Amino acid sequence: MKNSKRNCAFKTTGILALFLILMMICLPFSGCLGNSDNSSDKETITITDAFGRTVEVPDNPEKIAVSGSGSMRYFVYLNVVDRVTAVDYQDNSSNLMPKDKRPYALAHPEIKEKPLLGTSKGIVDAEKLLAANPDVLFYSATSSNDIAAADQIQAKTGVPVVLFFSGNYITEKEEIDETLLMLGKILHKEQRAKEIIGFFENTTADLENRIKNIPASDKTVFVGGVAYNGPHGLNGTNPIYMPFEILKADNVAAGVPLSGPSTGYALVSKEIILEWDPDIIFVDVETATAAGGGAFFELKNDPSYKSLTAAKTGEIYAVNPHTSMGVNHETALANCYYVGKILYPEQFADVDPAEKADEIYIFIVGAPVFDQIQKNADGLSYAKVDLTQI
């Protein structure tokens with residue numbers, strides 16, 4: 001009986017010893033026990049995001065998720081599309097856009113096939129985020145109102161969330177540049193971020209130098225049909241329209257309070273447009289997707305608008321949409337050359353606006369997409385508008 005007990009104790013001790021040996025062997029190897037994710041072994045850096053949040057993130061993350069309206073734009077700029085494991089609803093194929101005019105999306109159609117993060121703009125489903133298994137979530141924001149959402153997502157999933165700024169280059173250049181540099185630091189794309197910033201600055205300098213020593217155009221201008229949370233009619237305008245600001249054009253809508261500060265949008269009345277009676281009207285081609293045909297239809301058929309000087313003289317021109325799910329900074333820059341050619345033909349005599357647009361698109365988004373935008377704009381891009389043909 002005593003021998004039996006000793007044998008039993010010996011067996012128990014032996015099993016325990018074997019188990020401890022196996023534990024010692026397995027522990028050094030990630031994946032032998034527990035979670036196989038070795039993300040905790042990655043080097044991290046602590047950054048301050050665009051809205052002052054301190055976030056610890058993996059240094060040079062290999063897998064990223066991106067959320068928010070037009071949020072993939074900067075990641076195309078920085079050439080890191082291949083790292084993206086999930087995108088916002090608006091960048092996924094679930095969001096049907098048969099006449100898409102976003103340069104970044106046209107240059108990289110593979111974005112639409114990435115898994116989506118939620119069922120609408122800016123929505124992040126925790127399960128979908130975890131299924132994508134990113135090292136970090138980049139979340140596009142325009143104000144501090146998004147801080148609470150970012151904190152909640154991070155607390156719920158354990159995925160670091162970095163807020164980055166989305167705005168316009170006229171009033172928010174500093175914030176945009178800082179955001180690009182922050183993203184560049186995290187993604188080890190600082191040189192590319194500096195190149196993007198330098199390209200915008202050098203191109204702006206070229207535009208300014210062309211009109212530096214000549215009198216400003218004495219013609220008043222107006223841009224209508226500007227998109228903001230969807231297409232609008234002629235009364236959708238932009239008081240800080242980038243081409244007008246850079247080229248010192250006399251924008252009749254300058255000073256109107258902004259409805260969308262992060263994009264530069266304002267809604268004005270028909271009566272004020274008639275009162276302003278601009279000499280030249282530029283129309284954002286996105287207006288054609290509005291119910292009833294938007295600004296083009298209005299200019300052709302509305303008796304009041306027919307009385308406008310620009311309608312009588314035929315001084316109506318179509319420009320590509322600078323706003324489509326956030327500001328397309330590269331299109332805003334390209335539009336400057338077309339507007340410049342209309343206002344200052346001698347100073348822009350050497351410019352083919354379509355070729356210049358593609359020069360900009362190739363550098364910023366990596367592909368010449370002007371023809372695709374023009375096709376999706378029914379051929380109206382950078383054209384004088386014949387209302388009888390609308």
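Above: the structure in question.
Note that the structure is predicted; figures quoted are calculated from it, not measured.

With that settled, consider the pattern of salt bridges. Summed over the entire model, instances satisfying the criterion amount to 14 salt bridges. Note that K173 and E201 form a salt bridge whose closest N and O atoms lie 2.9 Å from each other. Residue K173 is found in helix α6 (residues 173-187), and its partner E201 is found in helix α7 (residues 190-210); the two are separated by 28 residues along the sequence. With a shortest N-O distance of 2.8 Å, R210 and D350 are connected by a salt bridge. Here R210 is found in helix α7, whereas its partner D350 is found in the loop between α13 (329-343) and α14 (353-365), with 140 residues between them in sequence. Counted as one network, the salt bridges with shared partners bring together D91, D100, R102 and K112.

Our focus in this paragraph is the environment of V221. Turning to its location among the elements, V221 is positioned in strand β7 (residues 220-224). As for V221 and A249, which are separated by 28 residues in sequence, their C-alpha atoms are 6.9 Å apart. Leaving out residues up to four positions away in the same chain, V221 has contacts with F244, A249, D250, N251, V252, P278, I280, F282 and L343.

Here we take up the packing of α6 against α7. α7 packs onto α6 with a crossing angle of 155° between their chain directions and a minimal axis gap of 7 Å. Here α7 runs roughly antiparallel to α6, going by the angle between their axes. The interaxial crossing formed by α6 with α7 has right-handed handedness. On α7, the residues that touch K173, D177, L180, L181, G184 and K185 of α6 are E190, A193, K194, I196, I197 and E201. Class assignment for the residues of the contact of α6 with α7 results in five nonpolar, one polar and six charged.

Aromatic ring pairs: the centre-centre distance and the angle between the two ring planes describe each pair. Counting across every chain of the model gives 16 aromatic pairs. Taken together, a centroid distance of 5.8 Å and an interplanar angle of 45° make the contact between Y74 and Y77 tilted. On the criterion of helical spacing, the pair formed by Y74 and Y77 is a turn pair, its members being three residues apart in helix α2 (residues 73-77). Taken as a pair, Y74 and Y77 share a single burial class, namely buried. Between Y241 and F244, the aromatic rings sit 4.8 Å apart at their centres with planes inclined by 75°, giving edge-to-face as the arrangement. Overall, the relative accessible area of 2% leaves Y241 in the buried class. On the basis of relative accessibility, which here comes to 2%, the residue F244 falls in the buried class.

When you tally the buried positions in β7, you get five out of five residues, the bulk of the element. The two faces of β7 match: T220, F222 and G224 on one face and V221 and V223 on the other face are all buried. Judged from the two bridges that link them, β7 and strand β9 (residues 250-251) form a sheet pairing that is parallel. Paired with T220 across the bridge in β9 is D250.

Reading guide: rules and limits
Residues numbered from 1 in each chain as written. Predicted model: local features only at pLDDT ≥ 70, side-chain atom pairs only at ≥ 80, totals over all residues. Heavy atoms only, no water. Salt bridge = Lys/Arg side-chain N within 4 Å of Asp/Glu carboxyl O. Helix = DSSP H or I, 4+ residues; strand = E, 2+ residues; numbered from the N terminus. Contact = heavy atoms within 4.5 Å. Axes fitted to C-alpha atoms, helices over the stretch in contact; angles between N-to-C directions. Parallel < 35°, antiparallel > 145°, perpendicular 65-115°, else oblique. Left-handed = near helix turned anticlockwise from the far one by under 90°. Nonpolar A, V, L, I, M, F, W, Y, C, P; charged D, E, K, R; others polar. Phe/Tyr/Trp six-rings, centres within 6.5 Å; stacked < 30°, edge-to-face > 60°. Buried < 20%, exposed > 50% of the residue type's maximum accessible area, 1.4 Å probe, protein only. Pairing = 2+ DSSP bridges.

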